[in-house]
Amino acid sequence: MNNKAESEYAIEVKNLNFGYGNENILENVNLSLKPGSRCLLVGANGIGKSTLLRILAGKRLTKNNVKVLGEDPFNSINSQDITYLGTEWATNPIVRRDILVSDLIKTTNKDKYAERCEKLLKLMNVNLNWRLHKVSDGERRRVQIVLGLINPFKVLLLDEVTVDLDVLVRSSLIKFLKEESETRNVTIVYATHIFDGIGDWPTHVAHLAEKHIKEFYTIDEVMNFPEVKNQKIHIFNSLLLTIVEKWLREDYQNELKRRNENTENKESLTKWDELANMKKYGDKYYNYWYNIYDENPKSDARIN
Ligand SMILES: Nc1ncnc2c1ncn2[C@@H]1O[C@H](COP(=O)(O)OP(=O)(O)OP(=O)(O)O)[C@@H](O)[C@H]1O
């Protein structure tokens, strides 16, 4: 008998509260993603992105507020359909020992998915003769990604695992994941702070702030933001960077207000304004790309 609740969503989070101690890190989190979605999860450091991804991966018990592929991921019997790639693996001392990559690959489903394995090894440019204690951080990360992706997942949760990849490998991976979602209708949630080269990748953007998903948009909705339309930004990368910068600037300012409300030792607004004031850089960045790609540049601004 199939006990799975029928749902049109691959990922469904309803009114989720979660904390490690007395205080909630996440409060009233709601997120619904249909199969085939590629969702960027953005938010300030320490806001709870990894926590949410780990909950979706079934690594944390919740009160039945989370369904992945129709099941509570913590008790899922189909956990092989959910792949989580986090930062922990590459920093684990065990994978810094003298282990031959080909021996590691043998521990996976490589024979069942031989063609996929071959493709991933090529894509991530991984050498089967590498020994893990002698490779660089980025190479170790590439091995992790190959191992993680050999199994054809239905839901992939990526937590900042692309930071130490070189530009070429990162772009090949991003392209591969887009193809996977388009051809196999798989769902991907990708938490990252780096938007270079992924501007045209997501179908959705979710902004985690103040303990919940404060903003959730399809990429078409983002394209219709007035500031995007008015400024005629048509380069996806600078678009996402500009939008997310604006959100995070507001988050930092709200955080400052909250702190000042709760403390008698008021912090200096100037210091926090400086921290949060990334706009100057954002404008230059925007103008720079605008000038390069616009046929009729209207500004002389350049990145100094
Ligand atoms: N195992 C844990 N025990 C207690 N607190 C934790 C634990 N893991 C994370 N936290 C706290 O939960 C909060 C959210 O952490 P989390 O790692 O989810 O944030 P994040 O948004 O992924 O941050 P970053 O962008 O810096 O990776 C932080 O305040 C962190 O200190």
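Residues numbered from 1 in each chain as written. Predicted model: local features only at pLDDT ≥ 70, side-chain atom pairs only at ≥ 80, totals over all residues. Heavy atoms only, no water.

With an unreviewed UniProt entry as reference, the protein is termed p-loop containing nucleoside triphosphate hydrolase protein, source organism Piromyces finnis.

**Here we look at the packing of helix H4 (residues 114-123) against helix H6 (residues 167-184)**
Running from N to C, H4 and H6 cross one another at 150°; their axes reach a closest spacing of 10 Å. What the angle tells us is that H4 and H6 run roughly antiparallel. Residue-level inspection shows Arg116, Lys119, Leu120 and Leu123 of H4 in contact with H6, the latter providing Ser172, Leu173, Phe176, Glu179, Glu180 and Arg184. A breakdown of the residues in the contact of H4 with H6 according to their chemical character gives four nonpolar, one polar and five charged. (Axes fitted to C-alpha atoms, helices over the stretch in contact; angles between N-to-C directions. Helix = DSSP H or I, 4+ residues; strand = E, 2+ residues; numbered from the N terminus. Parallel < 35°, antiparallel > 145°, perpendicular 65-115°, else oblique. Contact = heavy atoms within 4.5 Å. Nonpolar A, V, L, I, M, F, W, Y, C, P; charged D, E, K, R; others polar.)

**Comments concerning the layout of surface pockets**
Each pocket or cavity is described by its volume, and for the largest pocket that value is around 370 Å³. Lining the largest pocket are 16 residues, and of these Gly46, Ile47, Glu210, Glu255 and Arg258 lie nearest its centre. Each residue belonging to the lining of the largest pocket can be placed in one class, and the counts come to six nonpolar, four polar and six charged. The residue makeup of the lining of the largest pocket includes at least three contributed by each of domain 1 (11-88 + 150-223) and domain 2 (226-293). (1 Å grid on protein atoms, 1.4 Å probe; cavity = no way out; pocket = protein on both sides within 12 Å on 5 of 7 lines; lining within 4 Å. Points joined across faces, edges and corners; volume = space filled by probe spheres on them. Domains from an automatic or database assignment.)

**A look at the site of the ligand**
The environment of the ligand is made up of Tyr20, Ile25, Ala44, Asn45, Gly46, Ile47, Gly48, Lys49, Ser50, Thr51, Arg60 and His193. Tyr20 is positioned with one of its side-chain polar atoms (N or O) 3.5 Å from a nitrogen atom of the ligand. Between the ligand and the protein, one listed contact pairs an oxygen atom with a side-chain N or O atom of Ser50 at 2.7 Å. Burial of the ligand by the protein chains amounts to 57% of its free accessible area of 630 Å². Grouping the amino acids of the shell around the ligand by side-chain chemistry returns four nonpolar, six polar and two charged. (Near = heavy atom within 4 Å. Polar contact = N/O pair within 3.5 Å; in protein donor to acceptor, adjacent residues only side chain to side chain. Areas by Shrake-Rupley, 256 points an atom, 1.4 Å probe, with all protein chains shown as cover.)

**Quick look at the sheet that holds strand E4 (residues 66-68)**
Spatial strand order, E2-E1-E4: three strands in an open sheet with antiparallel pairing. Each edge of the open sheet carries a strand with a single partner, namely strand E2 (26-33) and E4. Pairwise comparison of adjacent strand axes, ignoring direction, gives a mean angle of 15° for this sheet. Bridge count between strand E1 (residues 11-18) and E2: five bridges; the pairing is antiparallel. Bridge pairing in E2 places Ile11 opposite Leu33. (Pairing = 2+ DSSP bridges.)

**Observations concerning the nonpolar core**
Judged by nonpolar contacts, the single largest core of 48 residues is most densely connected at Leu149 and Leu177. With six residues, helix H9 (residues 236-262) is the largest single contributor of residues to this core. The two domains that each donate at least three residues to this core are domain 1 (11-88 + 150-223) and domain 2 (226-293). Of all hydrophobic cores here, the second largest spans 27 residues; its members include Leu16, Leu26, Cys39 and Tyr84. (Core = buried A, V, L, I, M, F, W, Y, C linked by side-chain atoms within 4.5 Å. Buried < 20%, exposed > 50% of the residue type's maximum accessible area, 1.4 Å probe, protein only.)

**Observations regarding the side chain of Thr192**
One can find Thr192 in the loop between strand E7 (187-191) and strand E8 (204-209). The exposure class assigned to Thr192 is buried, which follows from its relative accessible area of 0%. Within the local environment of Thr192, its side chain forms a polar contact with the side chain of Glu160, the two groups lying 3.4 Å apart. Not counting residues up to four positions away in its chain, the partners in contact with Thr192 are Leu40, Leu41, Val42, Glu160, Arg170 and Ile198.

**Notes on unusual backbone geometry**
In this structure, Leu69 takes a positive phi of about 55° despite not being glycine. When you line up the elements, Leu69 lands in the loop between E4 and strand E5 (82-85). Note on Leu69: relative accessible area 22%, which makes it partly exposed. With a phi close to 50°, Glu160 is a non-glycine residue in the positive phi region. Mapped onto the elements, Glu160 comes out in the loop between strand E6 (155-159) and H6.

**Observations concerning the pairing of E7**
With five of five residues buried, E7 lies mostly within the body of the structure. Burial along E7 is two-sided: Thr187, Val189 and Ala191 and Ile188 and Tyr190, pointing in opposite directions, are all buried. Relative to E7, E6 runs parallel, the two sharing five bridges. Note on E7: the bridge partner recorded for Leu156 is Ile188. In this fold, the crossover linking E6 to E7 by way of H6 has right-handed handedness. (Right-handed = clockwise from strand over helix to strand, strands pointing away.)

**Thoughts on the packing of aromatic side chains**
A complete count under the given rule lists four aromatic pairs for this structure. Between the aromatic rings of Tyr190 and Trp201, the centroid separation amounts to 5.6 Å while the plane-to-plane angle is 85°, which identifies the pairing as edge-to-face. In this pair, Tyr190 is assigned in strand E7 and Trp201 in the loop between E7 and E8, connecting sequence segments 11 residues apart. Three or more aromatic residues link up through ring pairs in this structure, and these residues are Tyr217, Phe225 and Trp247. Over the ring of Trp201 we find Arg38; its NZ or CZ atom is 5.9 Å from the centre of that ring. (Phe/Tyr/Trp six-rings, centres within 6.5 Å; stacked < 30°, edge-to-face > 60°. Lys NZ or Arg CZ within 6 Å of the ring centre and 35° of its normal.)

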